[in-house]
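# Structural characterization, general
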Amino acid sequence: MSAWSTEDVDRIAASDDLRVAPFRPDGVTTGTPTWIWSVVVDGRLFVRAWNGTRSRWYRAAMAQHAGRITAAGTTYEVVFQGTDPVLRDRIDAAYRAKYTGSAYLPPMVSAGPQAATIEITPRADVAGD
C-alpha cells in the first residue's frame, strides 16, 4: 500500500470535489465519475457510499480494487480497500468536522454508509496527472 504525499492529502482534505471512478470488469475502462464526500484521518483518505453497500460505485470499487479519483484538480490512479471497523468512530468524527451543518451529514454517519467505508490509496506504480 502506498501513502499519500502530505501535499496531495492536504489538498484533497481541503477540497469538496472528489469524484470516484472504479474500473469496470475489464480493468481498464472506468465507470462514470461519482461525486462523493471524502475525509482524511491520520493522513489516510476515506470515502463512504451514500447508499451503503448497494451503491454501484462501491460494489465496483470492492470488486476491482482499483480505479481513478479526481480531486483538487488532479486525477490519481488509486487502489480501493475496505477499512478496519475500529476506525469507524474516528472517520465519523472527521465527517462531522468537515461537513458540519449539512442536512446530509446524519445519514453519512449511520450504519449503511459506515458499512461502505473505503480507504483510497495512490497506486505506487502510477503518478497523478
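Please refer to the structure higher up on the page.
Overview of the structure.

In total, this model carries seven salt bridges according to the counting rule given. Here Asp8 and Arg11 are joined by a salt bridge, their closest N and O atoms 3.4 Å apart. With Asp8 and Arg11 both in helix α1 (residues 6-14), this residue pair falls three residues apart, about one helical turn. The class for Arg11 is partly exposed, based on a relative accessible area of 29%. Taken together, the shared-partner salt bridges connect Arg68, Glu77 and Arg123 into one network.

Position of Glu119 relative to the elements: it lies in strand β7 (residues 117-122). Side-chain polar atoms of Glu119 contact the side chain of Arg44, separated by 2.8 Å.

What follows deals with the layout of surface pockets. As a volume, the largest pocket reaches approximately 220 Å³. Looking at the largest pocket, the residues that line it are Pro22, Phe23, Arg24, Pro25, Gly31, Thr32, Thr34, Arg56, Trp57, Ala60, Ala63 and Gln64. Broken down by element, the residue count for the lining of the largest pocket peaks at five residues, all from helix α2 (residues 56-64). Per-class residue counts for the lining of the largest pocket are six nonpolar, four polar and two charged. By volume, the second largest pocket amounts to about 190 Å³. Surrounding the second largest pocket, Thr34, Trp35, Ile36, Trp37, Arg48, Ala49, Trp50, Asn51, Ser55, Trp57, Tyr104 and Met108 form its lining. Broken down by class, the residue content of the lining of the second largest pocket amounts to eight nonpolar, three polar and one charged.

Turning our eyes to something else, we now look at the sheet that holds strand β1 (residues 19-22). Pairing is antiparallel across the open sheet formed by seven strands, whose spatial order is β2-β1-β5-β6-β7-β4-β3. Single-partner strands in this sheet number two, and they are β2 (34-35) and β3 (38-41). Judged from the four bridges that link them, β3 and strand β4 (residues 44-48) form a sheet pairing that is antiparallel. Looking at β4, one finds that Val40 is bridged to Leu45. Each of β3, β4, β5 (66-71) and β6 (74-82) is contacted by α1, which is oriented at about 90° to β6, the strand it contacts most. The sheet contacts of helix α3 (residues 88-98) involve β3, β4 and β7, and relative to β3 the element is tilted by about 125°.

What counts as what
Residues numbered from 1 in each chain as written. Predicted model: local features only at pLDDT ≥ 70, side-chain atom pairs only at ≥ 80, totals over all residues. Heavy atoms only, no water. Salt bridge = Lys/Arg side-chain N within 4 Å of Asp/Glu carboxyl O. Helix = DSSP H or I, 4+ residues; strand = E, 2+ residues; numbered from the N terminus. Buried < 20%, exposed > 50% of the residue type's maximum accessible area, 1.4 Å probe, protein only. Polar contact = N/O pair within 3.5 Å; in protein donor to acceptor, adjacent residues only side chain to side chain. 1 Å grid on protein atoms, 1.4 Å probe; cavity = no way out; pocket = protein on both sides within 12 Å on 5 of 7 lines; lining within 4 Å. Points joined across faces, edges and corners; volume = space filled by probe spheres on them. Nonpolar A, V, L, I, M, F, W, Y, C, P; charged D, E, K, R; others polar. Pairing = 2+ DSSP bridges. Contact = heavy atoms within 4.5 Å. Axes fitted to C-alpha atoms, helices over the stretch in contact; angles between N-to-C directions.

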